[in-house]
Structure formats: C-alpha cells, structure tokens
Amino acid sequence: MMNSARARLAIAELTATLTTDFDVPTLLHSIAAHARDCFDAVSAVVILRDPRQPADVVSIQIVAESLRDGSSADPRLHITGPGLSSARDGAVAMIADLDAGDDASWPQYRRQALAAGLRSMRAFPVVALTMPLGSVVVHLDEPWGVARPNDFGQILADITAIALSTGRVDGRRASTGETVEAVLHGTTVIAAAVGVLAEHFDLDIAAARQQLVRLARAHGVTPTAHAQAIVEAQNTTPWDPGATGVLHAPPELAPPRHIDI
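What you see is a predicted model; the values in this text were computed from it and never measured. Sequence order as written defines the numbering, with residues in each chain counted from 1. In view of the model being predicted, local features appear only for residues whose pLDDT reaches at least 70, and side-chain atom pairs are presented and counted only at 80 or more, with totals across whole chains, interfaces and linings using the full set of residues. Processing note: side-chain calculations cover all non-hydrogen atoms of the structure and skip hydrogens and water entirely.

1. Thoughts on the overall build of the chain
- Segments assigned H or I by DSSP are reported as helices when at least four residues long, segments assigned E as strands when at least two residues long, and all are numbered from the N terminus. A count of helical and extended segments in the chain gives 9 helices and 7 strands.
- Partly exposed residues are those whose accessible area sits between 20% and 50% of the maximum for their type, while under 20% is buried and over 50% is exposed, using a 1.4 Å probe and protein chains only. For the chain, buried positions account for 41% of its 261 residues.
- Of the contacts made within the chain by residues no fewer than 6 positions apart, 60% connect residues no fewer than 24 positions apart.
- Surface accessibility of the chain: about 13400 Å² in total, with carbon and sulfur atoms responsible for 55%. Contacts were defined at the residue level, with two residues in contact if any of their heavy atoms lie within 4.5 Å. Where accessible areas are quoted, they stem from the Shrake-Rupley method and a 1.4 Å probe; at the residue level, only the protein chains shown are allowed to cover.

Rendered as structure tokens:
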C-alpha cells in the first residue's frame with residue numbers, strides 16, 4: 001500500500017536538496033531509497049546510459065540502488081529487459097504481474113525475474129531535453145495493483161533528470177553528459193570507499209554508506225570528494241588507511257585560553 005504522506009515528504013526532501021550545492025551521486029542514492037521505501041518494493045535502482053560508449057552501443061550502469069534485505073538479485077534484471085528498454089527509448093516500461101502469462105515481451109528477463117521471486121516492475125524513464133539518460137527501475141514481490149501511482153515514480157525520474165542537467169563537476173556548472181560521466185566515476189569511487197569503511201569498522205554496507213555521508217559532512221566536503229580521499233588513503237597506506245584521518249571526524253578545535261579585548 002502506498003503511503004501518500006510519505007511520498008509527499010520524499011518529494012519535499014528531494015526538491016529542497018535541488019536548491020543546494022548537492023552531491024549528485026548522493027542524491028541519486030536518496031531517490032532510489034525513497035522509491036523502494038514508498039513503493040514498498042524489493043528493490044529500486046537508478047540506471048544511466050554510459051555516454052562514453054559509441055553512439056550505436058547502449059551501455060547501462062547501475063548508479064544507485066536500495067534493497068529491502070540488503071542483498072540484490074541478479075543485477076542484470078535491472079539493466080536488461082524492460083529496464084534497458086525504458087532507458088534506451090525514454091518510455092515507461094511496466095509489467096503488472098509477471099505470473100499472468102498474457103504478455104510475451106522480454107521472455108528471458110521474465111524467466112529470471114520469476115526465478116528471483118519477483119512479480120511486477122516499473123521502469124520510469126529519465127529524460128532531459130528529449131534525450132533518454134536512464135531509468136528508475138522498481139521491482140516488487142507482488143502484483144503492482146492500483147494502489148501505487150505511477151506519477152510518483154515519474155516524479156522521481158524527473159528529479160533525477162533535473163539533478164543530472166543542473167549538477168556541478170569540480171565546482172562548476174557542467175553539461176548533462178559531463179555530469180553523467182562524473183556520476184558514473186563517482187559511483188565507482190563511492191562503492192570503493194564504502195567497502196573500505198565497511199571493512200575497517202566491521203559495518204554492513206548500508207551503515208558504511210551512512211558513515212561516509214557523516215564523515216563528509218564533518219570534513220565539510222561532498223560524499224564523493226570524501227570517498228575519493230578515502231580511496232587515495234587506501235592506495236597510499238593500505239595497511240592503515242585511517243592514518244591520514246579520513247576515516248574519522250576531524251578533532252574539534254581547542255577553545256581559546258583567553259580573549260583579549
């Protein structure tokens with residue numbers, strides 16, 4: 001059952017973020033989390049087309065995901081079949097009930113999705129200035145039904161498109177293509193940094209990602225920038241990546257001994 005109040009709060013939070021100097025990969029992760037939470041889904045992911053590939057090659061990358069139980073089904077379920085079609089064609093792709101058997105489209109995807117315990121899905125296209133950029137893909141373990149409005153999913157996809165077309169790269173306004181490339185790179189860097197934090201502090205992935213966001217805030221930088229610092233520390237001193245201080249909040253400044261007026 002869709003909670004309309006929770007959906008309105010999600011939209012309010014995301015649109016408020018757009019008015020700040022936001023970190024695009026972090027915002028995309030929030031979009032995936034809100035999609036999974038508000039749709040009560042098994043999983044929700046944001047996928048983007050890779051602009052670095054030749055024009056005749058459609059390469060899709062998962063750049064943000066939120067999973068109900070912390071473990072993902074085969075990631076190909078998000079980037080093939082209807083997810084791929086939506087990202088490539090810039091159109092909504094939907095399957096109301098995978099077990100209904102009245103639609104022969106995407107047969108291999110259907111077999112794999114049913115084997116993974118999934119029952120329905122929606123893929124909401126991310127389109128900027130008529131250019132398909134990707135999709136927000138949501139999977140359920142029950143038929144979609146009528147209580148989950150498609151307009152909420154498309155709003156999330158549209159917010160994704162706005163973020164990609166207004167984001168910044170290295171502190172400057174960038175083209176949509178540059179932003180997508182930066183997101184694809186940043187996603188890899190964040191995943192590596194989250195892995196370092198998870199291993200160092202014995203955290204699960206969700207907790208390690210939250211720790212990254214907290215550390216970035218404490219150091220006064222974006223999560224992507226702090227993730228890059230963690231990866232560089234890991235490469236420089238793999239035996240002790242925390243030696244540079246990037247795995248902990250900076251020490252508080254000592255109070256002044258006295259104030260001369």
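Having put the structure on the table, let's press on.
2. Regarding the packing of aromatic side chains
- Note on aromatic contacts: the rings of Phe and Tyr and the six-membered ring of Trp form a pair at centre separations within 6.5 Å, being stacked when their planes are under 30 degrees apart, edge-to-face when over 60 apart, and tilted otherwise. Applying the stated rule across the entire model yields 3 aromatic pairs.
- Look at F39 and F124: their rings are 6.1 Å apart centre to centre, the planes differ by 5°, and that puts the pair in the stacked class. Separated by 85 residues along the polypeptide, F39 in the loop between helix 2 (24-38) and strand 1 (43-49) and F124 in strand 4 (residues 120-128) bring together distant segments of the chain.
- Note on F39: relative accessible area 1%, which makes it buried.

3. Regarding the pattern of salt bridges
- By definition here, a salt bridge exists when the distance from a side-chain nitrogen of Lys or Arg to a carboxyl oxygen of Asp or Glu is within 4 Å. Using the criterion set out here, one finds 6 salt bridges in the structure.
- Across the pair D40 and R68 runs a salt bridge, and its minimum N-O distance is 3.6 Å. Of this pair, D40 sits in the loop between helix 2 and strand 1 while R68 sits in the loop between strand 2 (60-67) and helix 3 (76-79); the two residues are 28 residues apart in sequence, bridging distant segments of the chain.
- Residue class for R68 comes out partly exposed when judged on its relative accessible area of 37%.
- Two residues, R148 and E142, come together in a salt bridge whose shortest N-O distance is 2.5 Å.
- Judged by relative accessible area, R148 falls into the buried class, the value being 6%.
- Via salt bridges that share partners, D40, R68 and D141 belong to a single interconnected network.

4. Some words on helix 9 (residues 223-236)
- By definition here, a helix of n residues has an expected span of 1.5 Å times n minus one. Over its 14 residues, helix 9 extends 20 Å from the first C-alpha to the last, a length consistent with the 20 Å expected when each residue adds 1.5 Å.
- Along helix 9, the positions that sit buried rather than exposed are P223, T224, H226, A227, I230, V231 and A233.
- Close packing links the buried residues of helix 9 with helix 2, helix 7 (176-201) and helix 8 (205-219).

5. Regarding the side chain of H34
- By secondary structure assignment, the location of H34 is in helix 2.
- Among all residues touching H34, those that are not within four sequence positions of it are A10, E13, L14, F39 and F152.

6. Focus on the nonpolar core
- Core analysis: the biggest nonpolar cluster contains 36 residues, and L28, I31, V138 and L164 have the highest contact counts within it.
- Looking at this core, the elements that each hand over two or more residues are helix 1 (4-18), helix 2, strand 1, strand 2, strand 4, strand 5 (131-140), helix 6 (150-166) and helix 7.
- When residues no more than four places from it in sequence are discounted, the contact partners of L164 are V24, L48, V126, L133, T176, T179, V180 and V183.
- By nonpolar core is meant a set of buried Ala, Val, Leu, Ile, Met, Phe, Trp, Tyr and Cys residues that side-chain atoms within 4.5 Å join together. V189, V196, V231 and L247 belong to the second-largest nonpolar core, a separate cluster that totals 16 residues.

7. Describing unusual backbone geometry
- Positive phi values are uncommon outside glycine, yet D40 reaches one of about 50°.
- You can call D40 partly exposed: its relative accessible area is 37%.
- Within the chain, W106 stands out as a residue other than glycine whose phi angle is a positive 50°.
- Relative to the assigned elements, W106 resides in the loop between strand 3 (93-95) and helix 5 (107-115).

8. Some thoughts on the pairing of strand 4
- Counting buried residues along strand 4, 8 of its 9 residues qualify, which places the element largely inside the surrounding structure.
- Of the pairings in the sheet, the one linking strand 3 to strand 4 comprises 3 bridges and is antiparallel in character. Bridge pairing links I95 to M121 in strand 4.
- Following DSSP output, two strands are said to pair if at least two bridges run between them. Bridging between strand 4 and strand 5 involves 9 bridges; their strand directions are antiparallel. Note that in strand 5 the partner of P125 across the bridge is S135.
- With antiparallel pairing between neighbouring strands as the criterion, strand 4 and strand 5 make up a hairpin whose turn holds 2 residues, including L129 at a positive phi of roughly 50°.

9. What to know about the packing of helix 6 against helix 7
- At their nearest, the axes of helix 6 and helix 7 sit 7 Å apart, and the two run at 105° to each other. Compared by their axis directions, helix 6 and helix 7 come out roughly perpendicular. Along its contact with helix 6, which presents A163, L164 and S165, the element helix 7 presents T176, T179, V180 and V183.
- Under the scheme applied, nonpolar residues are Ala, Val, Leu, Ile, Met, Phe, Trp, Tyr, Cys and Pro; charged residues are Asp, Glu, Lys and Arg; polar residues are all the others, including Gly. Its residues assigned to classes, the contact of helix 6 with helix 7 shows 4 nonpolar, 3 polar and no charged. Inter-axis angles, ranging from 0 to 180 degrees, are taken between N-to-C directions of lines fitted to C-alpha atoms, where helices are fitted over the stretch in contact. Roughly parallel means an angle under 35 degrees; roughly antiparallel, over 145; roughly perpendicular, 65 to 115; everything else is oblique.

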